[in-house]
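Structure assessment
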Amino acid sequence: MPNVRVLRDIKARDIVRANEIARRAYLYVARNQTLPPQVRHQAQLQLNTFDRYSRPTTVKNRCYETGRGRGIMSEFGLCRFQFRLKALHGELNGVKKASW
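Residues numbered from 1 in each chain as written. Predicted model: local features only at pLDDT ≥ 70, side-chain atom pairs only at ≥ 80, totals over all residues. Heavy atoms only, no water.

An unreviewed UniProt entry annotates the chain as Ribosomal protein S14 originating from Amanita muscaria. UniProt, in its Sequence similarities (unreviewed entry) section for the chain, records the words "Belongs to the universal ribosomal protein uS14 family." (UniProt positions renumbered as here; feature names shortened; annotations may be inferred.)

Things to note about the packing of helix H1 (residues 4-31) against helix H2 (residues 37-48)
Between H1 and H2, the least distance of the axes is 8 Å, while the angle of their chain directions is 145°. As for how H1 packs across H2, the hand of that crossing is left-handed. Where H1 abuts H2, its residues Arg23, Tyr26, Leu27, Val29, Ala30 and Arg31 lie against Val39, Arg40, Ala43, Gln44, Gln46 and Leu47. The residue inventory of the contact of H1 with H2, partitioned by class, reads 7 nonpolar, 2 polar and 3 charged. (Axes fitted to C-alpha atoms, helices over the stretch in contact; angles between N-to-C directions. Helix = DSSP H or I, 4+ residues; strand = E, 2+ residues; numbered from the N terminus. Left-handed = near helix turned anticlockwise from the far one by under 90°. Contact = heavy atoms within 4.5 Å. Nonpolar A, V, L, I, M, F, W, Y, C, P; charged D, E, K, R; others polar.)

A short note on a positive patch on the surface
A surface patch of like charges, here positive, comprises Arg5, Arg8, Lys11, Arg52 and Arg55. Tracing the backbone through its elements, the reader meets Lys11 in helix H1. Residue classification places Lys11 among the partly exposed positions, given a relative accessible area of 43%. (Patch = residues over 30% accessible without salt bridge, like charges linked within 9 Å, V, L, I, M, F, W, Y side chains within 5 Å. Areas by Shrake-Rupley, 256 points an atom, 1.4 Å probe, with all protein chains shown as cover. Salt bridge = Lys/Arg side-chain N within 4 Å of Asp/Glu carboxyl O. Lys, Arg positive; Asp, Glu negative; His and termini not counted. Charge placed at Lys NZ, Arg CZ, Asp CG, Glu CD. Buried < 20%, exposed > 50% of the residue type's maximum accessible area, 1.4 Å probe, protein only.)

Section: helix H3 (residues 80-88)
All of the buried residues in H3 are Gln82, Phe83, Lys86 and Ala87. Seen from one end, H3 has its buried residues packed into an arc of 130°, which puts them on one side. Among the structural elements, strand S1 (72-73) and strand S2 (78-79) are those in contact with the buried residues of H3. With its phi angle positive at about 75°, Gly90 sits one or two positions after the end of H3. (Arc of directions from axis to C-beta.)

Right, here's the structure in full:
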């Protein structure tokens, strides 16, 4: 069973993906200095109506095992401790303990 934080992050990723094109279009209009102020203001109001999880900054890499938000190995989606445990048990393909 995934952690609640992981589920929240998955939900945020789905919402960001669903609203990405519309958000970018409204952002472009809102920041375009050549357009009339009324149009830019309407675009900003439309941006404010989006869900808070639709912002790309709400997405955070989290460990899929523990939900930890720091020390994430992005290639594997695991925190450093879980990465180490799985590597030592041989559960990660192509990863082994280094010795030199």
